[in-house]
Amino acid sequence: MRSSIGGPRVMLRRLREVMAEPVSAQERLDRIVVLVAANMVAEVCSVYVMRGDGTLELFATEGLKREAVHRIAMKVGQGLVGVIAREAQPLNLPDAQNHPAFAYFPETGEEIYHSFLGVPVLRGGQTLGVLVVQNMARRTYSEEEVEALQTIAIVLAEMIAAGELQTLAKPGTGLALQRPHHLHGRSFAEGIGLGHAVLHEPRVEIKQLIAEDANEELARLDAALESLRSSVDDMLQHPSLNEGAGEHVEILESYRMFARDRGWARRIHEAVKTGLTAEAAVERVQNDTRAQLLRQTDPYIRERLHDLDDLANRLLRELVGWSGHPSGGELPKDAILVARNMGPAELLDYNRDSLRALVLEEGSPTSHVTIVARALGIPCVGQLDGVLDLLKSGDPVIVDGVSGEVHIRPTAEVEGAYVDKVQLRARRQERYQRLRDTPAVTRDGVTMTLMMNAGLMVDLPHLPEAGAAGIGLFRTELQFMLSSTFPRIGEQEAFYRSVLDAADGKPVVFRSLDIGGDKILPYMRQAEELNPAMGWRAIRIALDRPALLKSQVRALLLAAAGRELSIMFPMVSEVREFDSARAIVEQEAARLERHGHALPARTRLGAMIEVPALIWQLNELAAKADFLSIGSNDLFQFLYAVDRDNTRLSSRFDPLCVPMLRTLKEIVDAAQRNSIPLTLCGELASKPLTAMALAGIGLRTISMTAAAVGPVKAMLRSLDVGAVAAFLDTRLAQPNGDLRADLARFAAENGVEIED
Ligand code: PEP
Ligand code: MG
């Protein structure tokens, strides 16, 4: 049966002409429906567009009553059109009126049409509308016709996404793609950011949807597929080229599987044969896949969707000849950076002056990218499933890093409320400013030492601004992560010297290079590991590659000549590791002295307590170390066997729990017995409520994000440490329960100021 005039190619050629005509959006839509109806020999062709209120409005029709345009609207799930929108699947019915979902709208006059073919208008897996053709005669539309209609739907999706139809909807409703969204995630870094979305890995903009020459497109597609496959193979052979470790092997394996999947390639080929360009065909197939997979609830399947998305994006980049990493560089003013996830170095690549906030689909509060965001004072909200599908580059976004909310395309009221909130926060900040020079003394006269965590030069001005007593953790690896090659010893020395100069006599505790885990140096080859967090990292690398530690120690000793130097070693598991590290420092000092260099006035060496095994070696360690510092992020990770970067686990256990506090208290008691100074420098110190608990179990020095110093100081000045210590003594003797809630109640009943 000859079902169409000229076939899909001719239709697309005509469509290209319609798209180029200088007419209004309504006129263009009207011409498209006429064209489709004529080409498919259908009596009816209609376009329904999803409005902001979730209903589908008839935007154009050929064949139904013209008066119904912009008059009728149906809910998702209502009628055949509503079912297509809900299922995101085509419906091909020879006898539509017998379908259980058929709903009759007398305004349209559609009672006489028996056959019905409708396809969803999809973009990024979201349904933006429905395109329908109808015939009086009973007939089944061919596979080729379904394909052709889906191809037209791609063009409509681009028109909707480009905002061309925005003004046509019934006043006050707007379109789905433009409607405001309010999402709840987790707060990873405090603060509020207002700005416009910038995608870390932007969608590839497809300039041309309709092909001029199908054979040429097929050849382009084959070349791009070949190049994609070999680049995935290369990645697998050189895993160190890829950011991250461990689980990436699995991801790359599944990339490889998908990249070689015949079904995927075949579907794209078929889409090209309908007349699309290779890029538009990739997009079309990915839209269908997304629409199907997004409706799955199985997290494993949804996870695979990410892989497929990445792969489709890579293929698009191959096609447009994109090269280089998408991140980095300049940002427009007031940028809200949105990513699925990213490494800390990628965040550091961006120009921070323009960055107002970071939004992550995944992420966890102790992953290094979020630590870096906090260090930079960039509000960050994460664990927002599907956020990338809801926004497009340039959309207005508000990120509330206090409550963990994100508003996409906020209404004027929401925006107004946030402007007020920002002012309120500014007033609070002023209060903290006034507290800056007052000591952190509790109501019952206990003095706490509040230090701050740092790692970059930009952190240093925070030291006087926040009124911190010093730097309790200087993450030296950040300089290495920023650099494209190993920083030379002279560069390291200059950097450490400027840190000490900026600290202006306040103590700075340098942590030796803590690489491995999620902190990868792009220029350092590291074998892929199954469990990088428990793998070759931190002091383990330092002791196996002593040249690295030696040069860092030498740089530190030289930089601190005549001043006090504190160095601590991360991830110590056994005392002998600390002994070896100390020996290296002593050798280096002796060597420098032999060569006539001035040495630090005093050198203090400490160990971080991050590996639980060290807790049972504290007496021996205390005899050798000058100080100890609890890294509560890693300690909790290993105590609870919960990967700090695993999004699925990040809210499963609360570090503010009885087992963790009992553990910390044991460490505090052991340090007191051994008269060795002890600090805590993990994220537990950075929230007033958790810091209150730390004070309660006897910690007197804690190191936190600079922005937390003010709120923690305000908390301490309103706290009776004796009372919280007594409360915890009783409370920690009981089984777990909800310790966080109990502490919050304690604070409320005792007038302790806890900023939320
Ligand atoms: C920690 O583990 O608590 C810590 C302070 O170190 P990092 O977060 O850099 O691993
Ligand atoms: Mg650590």
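Residues numbered from 1 in each chain as written. Chains lettered and ligands numbered in written order. Predicted model: local features only at pLDDT ≥ 70, side-chain atom pairs only at ≥ 80, totals over all residues. Heavy atoms only, no water.

Visitor: Just checking my understanding: could you explain the overall build of the protein chain for this structure?
Guide: A tally of regular secondary structure across the protein chain gives 26 helices and 22 strands. Seen along its three principal axes, the alpha-carbon backbone of the protein chain occupies a region of about 95 × 55 × 45 Å. Long-range pairs, those at least 24 residues apart, make up 67% of the contacts in the protein chain with a sequence separation of at least 6. A total of about 30600 Å² of accessible surface is found on the protein chain, and carbon and sulfur atoms cover 52% of it. Side-chain charges of the protein chain comprise 84 positive and 101 negative groups, with the mean position of each set lying 2 Å from the other. (Helix = DSSP H or I, 4+ residues; strand = E, 2+ residues; numbered from the N terminus. Contact = heavy atoms within 4.5 Å. Areas by Shrake-Rupley, 256 points an atom, 1.4 Å probe, with all protein chains shown as cover. Lys, Arg positive; Asp, Glu negative; His and termini not counted. Charge placed at Lys NZ, Arg CZ, Asp CG, Glu CD.)

Visitor: Looking at this structure, I do not really get the environment of S364. What am I missing?
Guide: For S364, the location among the structural elements is in the loop between β11 (355–360) and α11 (368–375). Judged by relative accessible area, which is 0%, S364 ranks as buried. In the structure, S364 is positioned 13 residues away from G377 in sequence and 17 Å away in space, judged by C-alpha atoms. If sequence neighbours within four positions are ignored, S364 has contacts with F188, T370, Q383, R644, D645 and S650. One polar contact links the side chain of S364 to the main-chain carbonyl oxygen of R644, over a distance of 2.3 Å. (Buried < 20%, exposed > 50% of the residue type's maximum accessible area, 1.4 Å probe, protein only. Polar contact = N/O pair within 3.5 Å; in protein donor to acceptor, adjacent residues only side chain to side chain.)

Visitor: So what exactly am I meant to see when it comes to helix α2 (residues 25–39) here?
Guide: Every α-helix winds through 3.6 residues per turn, so residues three or four apart in the chain are directed the same way. Taking 1.5 Å of rise per residue, 15 residues should cover 21 Å, and α2 covers 21 Å from first to last C-alpha, within 8% of that figure. With 11 of its 15 residues buried, α2 lies for the most part within the structure. Among the residues making up α2, those that are buried are A25, Q26, R28, L29, D30, I32, V33, L35, V36, A37 and N39. V41 sits one or two positions beyond α2 and adopts a positive phi of about 50°. (Expected span 1.5 Å × (residues − 1).)

Visitor: Would you mind going over the confidence of the model for the protein chain with me for this structure?
Guide: One rule of thumb: low pLDDT means the predicted coordinates there are not for detailed reading. Per-residue confidence for the protein chain gives a mean pLDDT of 88, with 93% of residues at or over 70. The low-confidence segment residues 239–248 (pLDDT under 50) makes 17 contacts with residues lying over four places distant or belonging to another chain. (pLDDT = per-residue confidence, 0-100.)

Visitor: Would you mind showing me how to read the packing of helix α21 (residues 632–639) against helix α22 (residues 658–673) here?
Guide: In a packed pair of helices, the relevant descriptors are the angle between the two axes and the axis-to-axis distance. Two elements in contact, α21 and α22, have axes separated by 11 Å at closest approach and are oriented at 120°. Classified by the interaxial angle, the pair formed by α21 and α22 is oblique. In this structure, α21 meets α22 at a crossing whose hand is right-handed. For the pair α21 and α22, contact is made by S632, L635, F636 and L639 and by P659, M660, T663, L664 and I667, respectively. When its residues are assigned to classes, the contact of α21 with α22 shows 7 nonpolar, 2 polar and no charged. (Axes fitted to C-alpha atoms, helices over the stretch in contact; angles between N-to-C directions. Parallel < 35°, antiparallel > 145°, perpendicular 65-115°, else oblique. Left-handed = near helix turned anticlockwise from the far one by under 90°. Nonpolar A, V, L, I, M, F, W, Y, C, P; charged D, E, K, R; others polar.)

Visitor: Can you walk me through the coordination of the magnesium ion (ligand 2) in this structure?
Guide: Reference values for coordination geometry: four tetrahedral donors around a metal ideally subtend 109.5 degrees, six octahedral donors ideally subtend 90 or 180 degrees. Distances from the magnesium ion (ligand 2) to its protein donors, E610 (OE) and D634 (OD), fall at 2.0 to 2.1 Å. Of this pair, E610 sits in the loop between β19 (602–609) and α20 (618–624) while D634 is found in helix α21, placing the two residues 24 residues apart along the sequence. Its relative accessible area of 2% is what places E610 among the buried residues. A residue is classified by how much of its surface remains accessible, and D634, at 2% relative accessible area, is buried. (Donors = N, O, S within 2.8 Å, 3.2 Å for Na, K, Ca; no water.)

Visitor: What is the right way to read helix α19 (residues 575–594) from this model?
Guide: Taking 1.5 Å of rise per residue, the 20 residues of α19 would be expected to cover 28 Å, and the 29 Å separating its terminal C-alpha atoms lies within 8% of that figure. Inspection of α19 places V575, E577, F578, A581, R582, I584, V585, E588, A589 and L592 among the buried residues, and these make up the whole buried set. In the core, the buried residues of α19 are packed alongside α17 (539–544), α18 (546–559), β18 (564–569), β19 and α20. At the exit of α19 stands G596, carrying a positive phi of roughly 80°.

Visitor: Is there a simple way to think about the state of the cysteines in this case?
Guide: Joining two cysteines, a disulfide is a covalent bond between their sulfur atoms. Summed over the entire model, instances satisfying the criterion amount to 0 disulfides. In this structure C657 is a free cysteine whose sulfur lies 18 Å from that of C681, the closest cysteine sulfur available. By relative accessible area, which is 3% here, C657 ends up buried. (Disulfide = S-S within 2.5 Å.)

Visitor: Please explain the site of ligand 1 as it appears in this structure.
Guide: Every one of the 16 residues lining ligand 1 counts as a neighbour, but R475, R511, E610, N633 and R644 are closest to it. For ligand 1, an oxygen atom lies 3.0 Å from a polar atom in the backbone of S632. For ligand 1, an oxygen atom lies 2.8 Å from a polar atom in the side chain of R644. Those elements that place two or more of their residues in the shell around ligand 1 are α11, β16 (471–475) and α21. (Near = heavy atom within 4 Å.)

Visitor: Looking at this structure, I do not really get the sheet that holds strand β5 (residues 115–123). What am I missing?
Guide: In sheet architecture, strand pairing relies on hydrogen bonds along the backbone and comes in two forms, parallel and antiparallel. The sheet built from 6 strands is open, its strands ordered β3-β2-β1-β6-β5-β4 with antiparallel pairing. Here the strands that pair on one side only, and so sit at the sheet edges, are β3 (73–75) and β4 (91–93). Strand-to-strand twist across the sheet, computed as the mean angle between neighbouring axes with direction ignored, equals 20°. Looking at chain direction, strand β1 (residues 44–50) and strand β2 (residues 55–62) are connected through 6 bridges and run antiparallel. Bridging from a neighbouring strand, C45 pairs with E62 of β2. Relative to the sheet, α2 contacts β1, β2 and β6 (126–135), its axis offset from that of β2 by approximately 65°. Strand contacts of helix α4 (residues 143–161): β1, β4, β5 and β6, with the helix running at about 40° to β5, the strand carrying the most contacts. (Pairing = 2+ DSSP bridges.)

Visitor: What exactly am I supposed to notice about the sheet that holds strand β12 (residues 380–382) here?
Guide: With mixed pairing, 8 strands are arranged side by side in an open sheet as β7-β14-β13-β9-β10-β11-β12-β8. The two strands at the open ends of the sheet, each matched to only one other strand, are β7 (181–184) and β8 (186–189). Strand-to-strand twist of the sheet, defined as the mean angle between neighbouring strand axes without regard to direction, takes the value 30°. Sheet topology note: the β11/β12 ladder contains 2 bridges and is parallel. By the bridge assignment for β12, L358 is matched with C380. Sheet strands touched by helix α13 (residues 412–435): β9 (192–199), β13 (396–400) and β14 (405–408). Its angle to β9, the strand with the most contacts, is close to 125°.

Visitor: I'm lost on the packing of aromatic side chains in this one. Help?
Guide: The relation between two aromatic rings is expressed through the spacing of the ring centres and the mutual angle of the planes. All told, the structure shown has 9 aromatic pairs when counted by the stated rule. Where Y496 meets F510, the ring centres are 5.3 Å apart and the plane angle is 65°; that geometry is what we call edge-to-face. Placement of Y496 in helix α16 (residues 489–503) and of F510 in strand β17 (residues 508–511) is noted, with a sequence separation of 14 residues between them. Judged by its relative accessible area of 0%, Y496 is buried. Centroid distance Y640 to F653: 5.0 Å. Interplanar angle 55°. Geometry classified as tilted. (Phe/Tyr/Trp six-rings, centres within 6.5 Å; stacked < 30°, edge-to-face > 60°.)

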